[in-house]
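Listed here are the chains, written in short residue letters.
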Amino acid sequence: MVSKGITVLGSSGSIGVSTLDVLARHPERFHVFALTANHNVERLLGQCLQFHPRYAVMVEPVAAESLAKRLREAGSETEVLAGAQALEMVASHPQTDYVMAAIVGAAGLLPSLAAARAGKRVMLANKEALVMSGQLFMDAVREHGAELLPIDSEHNAIFQCLPASFAAATHSARDGIEKILLTASGGPFRLWPASDLQAVTPEQAVAHPNWSMGQKISVDSATLMNKGLEVIEACWLFGLPAERVEVVVHPQSTIHSMVSYNDGSVLAQLGNPDMRTPIAYALGWPERLVSGVAPLDLFATARLDFERPDVERFPCLQLAYAAHAQGGYATIALNAANEEAVKAFLKREIGFTDIPVLVGHVMQQASAGTPMNLEDIIVQDGESRSHSLSWIKNKKMH
Ligand code: NAD
Ligand code: MG
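Rules behind the numbers
- Residues numbered from 1 in each chain as written.
- Chains lettered and ligands numbered in written order.
- Predicted model: local features only at pLDDT ≥ 70, side-chain atom pairs only at ≥ 80, totals over all residues.
- Heavy atoms only, no water.
- Phe/Tyr/Trp six-rings, centres within 6.5 Å; stacked < 30°, edge-to-face > 60°.
- Helix = DSSP H or I, 4+ residues; strand = E, 2+ residues; numbered from the N terminus.
- Expected span 1.5 Å × (residues − 1).
- Buried < 20%, exposed > 50% of the residue type's maximum accessible area, 1.4 Å probe, protein only.
- Salt bridge = Lys/Arg side-chain N within 4 Å of Asp/Glu carboxyl O.
- Near = heavy atom within 4 Å.
- Polar contact = N/O pair within 3.5 Å; in protein donor to acceptor, adjacent residues only side chain to side chain.
- Areas by Shrake-Rupley, 256 points an atom, 1.4 Å probe, with all protein chains shown as cover.
- Nonpolar A, V, L, I, M, F, W, Y, C, P; charged D, E, K, R; others polar.
- Pairing = 2+ DSSP bridges.
- Right-handed = clockwise from strand over helix to strand, strands pointing away.
- Axes fitted to C-alpha atoms, helices over the stretch in contact; angles between N-to-C directions.

S.K.: What is the right way to read the packing of aromatic side chains from this model?
M.R.: Geometrically, a pair of aromatic rings is defined through the distance of the ring centres and the angle of the planes. Taken as a whole, this structure holds seven aromatic pairs when the rule is applied. The interplanar angle of 55° and the centroid separation of 5.9 Å between the aromatic rings of Phe159 and Trp285 together place this pair among those described as tilted. Placement of Phe159 in helix α7 (residues 153-161) and of Trp285 in the loop between α12 (276-284) and α13 (298-301) is noted, with a sequence separation of 126 residues between them. Pairing Phe189 with Phe352 gives two aromatic rings, centres 5.3 Å apart and planes at 80°, and the pair type is edge-to-face.

Printed below as a string of structure tokens:
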């Protein structure tokens with residue numbers, strides 16, 4: 001077996017760390033080609049000393065310098081590169097076979113797209129990239145013969161419940177699919193009355209009941225924006241209209257999503273809530289690999305509950321459906337405004353219930369239609385961020 005070279009974009013984050021955990025279990029199958037982080041020197045240093053990548057990329061130049069010095073002192077041969085452009089270089093490098101796209105937010109778009117354009121196996125956790133660039137990204141996958149494998153647990157579950165011949169690039173073998181049932185935990189405030197949501201603190205919002213994740217996706221899970229982004233992600237990945245992607249609240253997070261077929265069958269994927277399962281699936285596909293995840297104990301699980309999402313208390317879900325119906329410019333605006341809103345909420349500049357208000361406001365200013373090139377995507381993203389920042393500034397003054 002020829003060992004595959006892996007680039008982990010965002011290796012210092014929650015998905016990055018889980019990816020390296022799975023890779024460490026299969027040293028004969030995989031070697032790490034490149035690791036990247038925004039600025040966490042300590043974490044990347046430890047990872048480099050354990051996995052000996054050829055390259056380590058630090059987006060922040062000062063952090064890159066410090067990492068390079070520490071690695072030299074430790075006698076490491078890993079070469080340190082600085083700046084965002086180096087992310088694209090390692091993601092598309094001829095010695096990279098598979099790319100784990102696990103940067104959070106819009107910052108992941110260019111390197112994820114570079115991996116697709118270089119025809120890599122793209123293991124996509126960075127859902128924001130697909131929300132921003134849907135058509136363009138899927139076209140790149142098709143044109144350059146890339147393999148697109150979803151890491152998001154729901155989309156990975158759906159992928160596992162589709163016929164073996166399904167490929168994201170062509171949407172082949174989709175016959176007979178009636179609906180996708182996208183499960184949602186409901187987040188930490190599922191049972192809270194609407195009147196209490198105004199006073200939610202960042203600490204309460206990032207404490208997810210079932211999953212341990214980065215801060216941004218944890219807040220998104222609490223507002224249900226995460227599920228909204230995932231609806232858009234599912235439409236692109238599986239080539240379905242949004243009417244055929246239904247959100248089902250399932251508080252136990254044991255079923256990771258389902259596919260409903262026209263003969264009445266519903267197929268589900270179950271497991272413990274641990275991202276190493278979808279990561280191992282994408283790394284091994286079409287084979288299965290040991291992931292380190294404990295087997296599911298159904299007797300301990302005991303119950304599986306289902307509810308409809310409450311769109312009154314959690315308007316972000318509807319905003320995402322509305323943005324997708326409106327077009328690509330609106331989904332870019334939705335994502336940009338949400339990223340800025342979450343940052344401001346974590347800094348206590350705006351309240352929890354301001355997040356959907358801000359997103360709805362910024363979405364209204366987006367152009368109609370869908371951008372056909374990267375430049376237009378980046379311009380819309382920038383405009384929506386500056387609209388968001390003025391809204392936040394205005395809010396702080398009153
Ligand atoms: P995280 O915050 O733990 O890690 C984010 C990573 O991105 C870090 O390595 C960080 O250094 C890097 N990064 C941040 N800003 C950057 C920038 N400007 N330039 C370059 N790199 C930057 O986040 P996470 O929870 O691992 O999530 C990563 C992605 O995976 C997100 O898109 C998230 O929605 C998705 N995802 C995560 C989970 C999960 O369980 N954590 C599940 C499904 C999907
Ligand atoms: Mg998910």
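Picking up where we left off.
S.K.: Help me understand helix α15 (residues 328-346) in this model?
M.R.: Residues spaced three or four apart along an α-helix point in a common direction, a consequence of the helix completing one turn every 3.6 residues. Compared with an ideal rise of 1.5 Å per residue, which puts 19 residues at 27 Å, α15 spans 27 Å between its outermost C-alpha atoms and is within 8% of the ideal. In terms of burial, α15 is largely enclosed, as 17 of its 19 residues are buried.

S.K.: How should the pattern of salt bridges be read in this particular structure?
M.R.: For side chains bearing opposite charge, pairing can occur when the charged atoms are close. Under the defined criterion, the tally for this structure stands at 26 salt bridges. For Glu42, the salt bridge goes to Arg70, with nearest N and O atoms at 2.9 Å. Of this pair, Glu42 sits in helix α2 (residues 41-51) while Arg70 sits in helix α3 (residues 61-73), and the two are 28 residues apart along the sequence. What makes Arg70 partly exposed here is its relative accessible area of 30%. Each of Lys127, Asp152, Glu154, Lys227 and Glu230 takes part in one network of salt bridges that share partners.

S.K.: Explanation requested: the site of ligand 1 in the structure shown.
M.R.: In the vicinity of ligand 1 there are 22 residues, among which Ser12, Ser14, Asn38, Glu128 and Gly214 approach most closely. In this structure, an oxygen atom belonging to ligand 1 sits 2.9 Å away from a main-chain N or O atom of Ile15. Within the contact set of ligand 1, an oxygen atom lies 2.8 Å away from a backbone nitrogen or oxygen of Gly214. When the free accessible area of ligand 1 is taken as 830 Å², the share hidden by the protein chains comes to 85%. Looking at the shell around ligand 1, the elements that each hand over two or more residues are α1 (14-24) and α6 (127-143). Within the shell around ligand 1, the residues separate by chemical class into 11 nonpolar, eight polar and three charged.

S.K.: Please explain the pairing of strand β3 (residues 55-58) as it appears in this structure.
M.R.: Two faces belong to every sheet, and in a regular strand the side chains alternate between them. Burial along β3 is two-sided: the face carrying Tyr55 and Val57 and the face carrying Ala56 and Met58 are both buried. As paired elements, strand β2 (residues 30-37) and β3 share four bridges and run parallel to each other. Within the sheet, the bridge partner assigned to Ala37 lies in β3 and is Met58. Following the chain from β2 across α2 to the adjacent parallel β3, one finds a crossover that is right-handed. Crossover handedness for the path β3 to α3 to strand β4 (residues 79-82): right-handed.

S.K.: I keep staring at the sheet that holds strand β11 (residues 266-270) and nothing clicks. Help me out?
M.R.: Two strands in a sheet stick together by hydrogen bonds in their backbones, pointing the same way (parallel) or opposite ways (antiparallel). Taking strand neighbours across the sheet as the criterion, the four strands line up as β9-β8-β10-β11 in an open arrangement whose pairing is mixed. Unpaired on one side and paired on the other, β9 (245-249) and β11 mark the two borders of the sheet. Strand-to-strand twist across the sheet, computed as the mean angle between neighbouring axes with direction ignored, equals 20°. Inspection of the sheet shows strand β8 (residues 177-184) paired to β9 by five bridges, in the parallel sense. Within β9, the residue paired with Leu182 across the bridge is Val247.

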